[in-house]
Amino acid sequence: MESASVTLGHATGDHHHGPPEANKSSKVDQTTLGLLIFLVTEAMLFGAFFASYFFLRVVVNDGPWPPEPYELPVIVAGVNTAILVSSSFSIHWALEGIRRGNRKAATLAMAVTWLLGATFLFIQLNEYIHVGFSARDGAFGSIFYGLTGLHGAHVIVGLILLTIVNVRLWRGHFGPKAEDHRGLELPGIYWHFVDVMWVIVFVTVYIL
Amino acid sequence: MPVALKQAGWWRALYGLVIGAAFGYGLVVALRAASGLPLIQTEQTGYPQLVVALITGPLGFLWGIGCFDYWLRWIAGGPTVPDDHADHGAKNWKDYFKVNTDHKVIGIQYMVLTFFFFLVGGLAAMGVRAELAQPGTQIVDPNTYNGLFSTHAAFMIFVFIIPMFAGIANYVLPLMIGAPDMAFPRLNALSFWLLPCAGALLMASYFAPGGTFDAGWTGYAPLSTGAPIGQSFFNLAVQFAGASSIATAINFLVTIVTMRAPGMNFWRMPLLVWANLSTSLLVVAATPFIAGVQFMVLFDRVLNTNFFEAAMGGDVISYQHIFWFYSHPAVYIMMLPGFGIISEVISTHARKPVFGYRLMALALIGIVVLSYSVWAHHMFVSGMSSWLRVPMMITTLLIAVPTGIKIFSWLGTLFKGKIHLQSTAMLFSLGFIFTFVIGGISGVMLGMVPLDIHVSDTYFVVAHIHFVLFGGSVFTIFAGLYHWFPKITGRMYDERLGRVHFWMTLAGMLGTFIPMHWIGLEGMPRRVADYSAEFAAWNLEITIASAILGLAQLVFVYNVVVSWKYGPKASANPWRANTIEWLVSSPPPVFNFDEIPRVVGGPYEFGVPGARHAILAGDDKATVEQPKPATVGSVGSST
Ligand code: HEM
Ligand SMILES: [Cu+2]
């Protein structure tokens with residue numbers, strides 16, 4: 001049998017201690033691709049809550065939205081949006097810094113990003129305390145806290161990632177070559193996602 | 001720290017489980033104390049302390065068993081031990097109970113565990129049939145009955161069919177594309193270990209106060225939002241199983257895109273690879289919807305939110321929309337990998353190239369795209385906006401087109417082939433085509449609004465789902481398990497027992513599910529413990545046939561166990577198949593290949609003289625003649 005001889009020839013080959021190097025059938029980095037696909041999943045998770053928002057606000061709601069007597073602090077949330085969006089720029093600055101070998105800029109920009117993110121979260125929590133309704137106050141309250149809370153959870157995860165990146169920067173990790181700063185670039189991609197998602201949440205929940 | 005806590009394993013897993021659960025429980029109690037609430041809350045939809053413990057407990061288990069060790073060390077900045085591959089391969093049966101990053105070991109873990117869940121779900125089904133043998137209620141009371149059919153479906157769908165396909169693909173897909181492993185082996189291990197968590201939650205729900213969940217596998221609100229605590233077990237089990245399939249899907253996608261052997265362009269990928277590519281696309285984009293909606297149910301139950309509370313402005317029907325936006329694609333998640341298996345088995349055992357290979361691949365992609373546009377065909381009688389009905393009917397009928405293309409391609413492949421009828425894998429594939437066509441036809445009938453209104457929530461729907469899920473998914477699973485049994489175990493199974501298994505299964509399957517069409521058309525409702533006496537005769541017949549169906553699976557278990565231990569040794573390629581997994585020994589070496597093979601042609605060139613799909617490095621005896629010039633420039637024919 002032909003295949004049997006193939007296997008025999010194969011078995012007498014020289015010995016390796018470990019798997020063979022996999023063939024690279026694509027230029028994209030594996031972890032980056034995995035993260036991007038994961039972000040599709042994340043976007044769809046938000047999609048489920050947006051779908052719920054659509055049904056609650058458009059399909060079954062009659063009367064004003066937000067229902068009386070509730071009001072949303074659009075100005076505060078707008079300022080908060082600006083804070084979060086600027087953190088997207090600062091994290092890009094950090095990435096550019098490390099790409100050009102400017103460790104100081106990277107470290108500074110990363111710390112700024114972390115602070116901006118933490119500020120956003122703080123203001124958000126503060127808003128929860130003063131907004132005047134809870135997740136139990138009608139479907140409006142539920143979906144408001146559902147969407148902003150889901151996003152807040154992502155900010156928390158993002159901040160944990162950024163904390164790790166900051167610590168690694170202080171310890172002198174990362175370098176200008178692409179494979180030497182993936183650990184900074186990937187949390188950055190996640191952070192951009194969290195920002196973009198917030199802009200959509202903000203526009204949907206506060207503006208429209 | 002006691003030794004047991006340092007070493008990942010079952011002792012530490014037990015600690016982790018207990019500590020995790022106690023932590024979650026304590027956290028809730030402490031928070032409640034801080035907010036001045038009574039410490040323990042035992043409203044039937046509440047039990048927050050238990051619900052949180054049900055999340056943190058399994059996480060503790062996963063930590064204890066060792067799923068997170070590497071990552072935690074990495075995060076803590078500790079020295080990451082260079083991979084010595086000690087966790088590759090399994091030396092004895094005990095290694096299958098440890099965290100292992102070898103895709104072949106994980107594949108076997110998947111298949112064995114999910115088959116166990118198949119038997120558990122099967123037991124529940126036997127309970128359902130026993131109760132339905134006669135009109136009236138004899139064996140279980142209506143509530144228990146509701147629990148039985150709900151757990152039956154939940155086991156079968158969430159922890160058997162979906163992960164079983166993931167397990168089969170885990171084993172064969174990296175081999176098929178010439179990769180040494182999956183792209184993220186540690187994530188792969190985590191995907192597997194999430195499953196016992198999901199299954200254990202489903203089983204534990206039987207011991208919950210108020211009994212197991214009983215709102216069906218669909219868990220419609222407001223039935224589920226007001227149900228006893230068992231329902232929360234279901235909500236959480238779905239999250240664990242869902243996280244597992246999402247992680248696996250990401251793994252498959254990255255593996256397929258980045259790790260194919262040289263020369264394997266997309267049009268040379270075996271159809272099983274195409275099928276898992278399509279399935280994974282469905283999983284990553286659809287599964288978050290069921291995750292989201294189960295979270296909302298959980299919030300409504302535990303935090304008293306109002307997503308589905310109509311009196312407070314909630315929308316009950318939104319549950320169904322969001323649920324089916326996942327669960328219609330999910331029925332294809334449960335079918336497409338099977339389509340892939342059938343293509344492999346049929347072309348190999350009929351010795352013919354797959355008819356219309358490219359169209360087969362495109363049909364898969366077509367199904368993926370279309371399946372996002374048909375969800376509301378499950379909701380024709382739900383009271384949703386009525387203008388949605390006709391568009392959904394049209395898209396539903398459209399999706400039958402790519403499905404039909406696949407059927408005709410298989411028939412074209414079989415046409416004038418040398419069909420090996422003594423092969424059990426082939427028998428299950430032929431049986432699949434037969435039963436799946438019936439299921440497809442009843443599906444198209446259900447897709448038509450007037451007929452669906454007539455038979456909604458009757459046994460006609462039950463007949464449909466079992467023709468597509470048992471006659472479809474389960475038959476393809478068996479075809480796949482038989483086909484790759486020699487490769488996985490290195491032993492041949494007993495074809496005679498295999499044929500007994502097939503014919504008993506087919507007879508039991510037809511005897512059980514064909515009459516359901518008729519009693520359904522006459523109006524016997526589904527999901528009710530009792531029924532009117534006019535259906536008594538058929539129901540007795542159905543129960544008897546289902547017992548045959550159940551017994552048949554014991555033949556399979558016997559065959560597998562005995563053959564695995566005592567079966568004759570299998571050669572590398574007992575079926576004379578072309579794809580890469582058959583080029584290596586059975587079972588394959590620990591690292592699959594010494595060197596990555598080179599792909600020089602299509603995967604199904606049966607009967608084409610001199611055609612090869614792939615050659616192993618160092619195999620200079622093989623003369624490579626290519627019937628068609630390679631489409632990839634870099635692949636030469638000289639070594
Ligand atoms: C030709 C393709 C198919 C069409 C046109 C189709 C159509 C339908 C329709 C219209 C329903 C709703 C019946 C009702 O509740 O009134 C339905 C139910 C169902 N179908 Fe299909 N189907 C097809 C293939 C499949 C496949 C391949 C699977 C799974 C492998 C599947 C699994 C199910 C399940 C599980 C249900 C019942 C859900 C429940 O519990 O209510 N179908 N199908
Ligand atoms: Cu459907």
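Residues numbered from 1 in each chain as written. Chains lettered and ligands numbered in written order. Predicted model: local features only at pLDDT ≥ 70, side-chain atom pairs only at ≥ 80, totals over all residues.

Here we come to the overall build of chain B. Looking only at helices and strands, chain B has 18 helices and two strands in total. Based on the C-alpha atoms only, the size of chain B along its principal axes is roughly 80 × 65 × 50 Å. Across the 639 residues of chain B, 57% fall into the buried class. Here the analysis covers contacts within chain B between residues at least 6 apart in sequence; of these, 80% occur between residues at least 24 apart. (Helix = DSSP H or I, 4+ residues; strand = E, 2+ residues; numbered from the N terminus. Buried ≥ 20, exposed ≤ 12 C-beta atoms within 10 Å, placed from the backbone. Contact = placed C-beta atoms within 7 Å.)

All names here are of chain B. Positionally, Val 455 belongs in helix H15 (residues 449-455). Here the alpha-carbon distance between Val 455 and Glu 522, two residues 67 residues apart in the chain, equals 8.5 Å. Ignoring sequence-local partners within four residues, the contact set of Val 455 consists of Phe 460, Val 461, Gly 520 and Leu 521.

Before going further, it helps to examine the site of ligand 1. Not every one of the 24 residues close to ligand 1 is listed here, only the nearest: Val 331, Gly 443, Leu 446, Ile 465 and Val 468 of chain B. Across the shell around ligand 1, the residue classes break down as eleven nonpolar, twelve polar and one charged. (Near = placed C-beta within 6 Å. Nonpolar A, V, L, I, M, F, W, Y, C, P; charged D, E, K, R; others polar.)

With that out of the way, let us pick up the domain arrangement of chain B. All names here are of chain B. When the domains of chain B are assigned, the result is domain 1 (3-75) and domain 2 (100-566). Computed over C-alpha atoms, the centres of domain 1 and domain 2 are 31 Å apart. Each side of the interface is counted separately: domain 1 has 15 residues, and domain 2 has 17 residues. For the side of domain 1 that touches domain 2, the element with the highest residue contribution is helix H3 (residues 48-65), accounting for nine residues. Tallied by class, the residues present in the side of domain 1 that touches domain 2 amount to twelve nonpolar, three polar and no charged. (Domains from an automatic or database assignment.)

With that out of the way, let us pick up helix H6 (residues 142-176) of chain B. Residues and elements named next belong to chain B. For H6, which comprises 35 residues, the first-to-last C-alpha distance of 49 Å matches the rise-based estimate of 51 Å (1.5 Å per residue) to within 8%. At Asn 170, H6 shows its strongest bend, of approximately 35°, with the proline Pro 174 following within four residues. Across the 35 residues that make up H6, a large majority, 32, are buried. Once H6 ends, the next one or two residues include Gly 178, with phi positive near 70°. (Expected span 1.5 Å × (residues − 1). Bend = angle between axes of the 7 residues up to and from the residue.)

Here the focus is the environment of Leu 195 of chain B. Locating Leu 195 of chain B in the fold gives a position in helix H7 (residues 185-204). Residue contacts for Leu 195 of chain B: discarding those within four places in its chain leaves Leu 113, Val 159, Pro 163, Ala 241 and Ser 244 of chain B.

Residues and elements named next belong to chain B. If you look at the biggest cluster of nonpolar residues, it comprises 253 residues, and the most contacted ones within it are Ile 177, Trp 193, Ala 198, Ala 237, Leu 364 and Ala 479. Element by element, the count of residues in this core is highest for H6, at 23 residues. A domain split of this core shows at least three residues from each of domain 1 (3-75) and domain 2 (100-566). Those residues in contact with Ala 198 that sit more than four places away from it in its chain are Phe 158, Val 159, Ala 237, Phe 240, Ala 241 and Ser 244. (Core = buried A, V, L, I, M, F, W, Y, C linked by C-beta atoms within 7 Å.)

Turning to the interface of chain B and chain A, a few remarks are in order. Often, the extent of an interface is quoted as the loss of accessible area upon association of its parts. Contacts between chain B and chain A engage 55 residues on the former and 45 residues on the latter. Going through the elements one at a time, helix H8 (230-258), helix H9 (271-303) and helix H10 (316-333) of chain B are the ones with two or more residues in the side of chain B that touches chain A. Counting residues per element, the side of chain B that touches chain A draws most heavily on H9 of chain B, at nine residues. Residue composition of the side of chain B that touches chain A, grouped by class: 33 nonpolar, 15 polar and seven charged.

Moving on: unusual backbone geometry. A cis amide bond links Glu 68 of chain A to the next residue, Pro 69 of chain A, at an omega of 0°. Within the secondary structure, Pro 69 of chain A is located in the loop between helix H2 (30-59) and helix H3 (74-99). The peptide bond linking Ala 221 of chain B to Pro 222 of chain B adopts the cis configuration, its omega dihedral lying at 5°. Locating Pro 222 of chain B in the fold gives a position in the loop between H7 and H8.

On to H3 of chain B. Residues and elements named next belong to chain B. The end-to-end C-alpha distance of H3 is 26 Å, a good match for the 26 Å that 18 residues give at a rise of 1.5 Å each. Burial within H3 is extensive, with 16 of its 18 residues counted as buried. Positive phi appears at Gly 66, one or two residues downstream of H3, with a value of about 110°.

Before going further, it helps to spend a moment on the packing of H9 of chain B against H10 of chain B. Residues and elements named next belong to chain B. Two elements in contact, H9 and H10, have axes separated by 8 Å at closest approach and are oriented at 150°. Classed by the angle they form, the pair H9 and H10 counts as roughly antiparallel. H10 is crossed by H9, and the crossing has left-handed handedness. Residues Thr 279, Leu 282, Val 283, Ala 286, Thr 287, Phe 289, Ile 290, Gly 292 and Val 293 of H9 form the contact with H10, whose participating residues are Tyr 319, Ile 322, Phe 323, Phe 325, Tyr 326, Ser 327, Pro 329, Ala 330, Tyr 332 and Ile 333. Tallied by class, residues from the contact of H9 with H10 come to 15 nonpolar, four polar and no charged. (Axes fitted to C-alpha atoms, helices over the stretch in contact; angles between N-to-C directions. Parallel < 35°, antiparallel > 145°, perpendicular 65-115°, else oblique. Left-handed = near helix turned anticlockwise from the far one by under 90°.)

What follows concerns the confidence of the model for chain B. Residues and elements named next belong to chain B. When pLDDT is averaged across chain B, the result is 91; 94% of the residues are at 70 or more. Here residues 621-639 is modelled with pLDDT under 50, and outside its nearest four sequence neighbours on either side it reaches 30 contacts, counting other chains as well. In the predicted assembly, ipTM is 0.91 and pTM is 0.92. (pLDDT = per-residue confidence, 0-100.)

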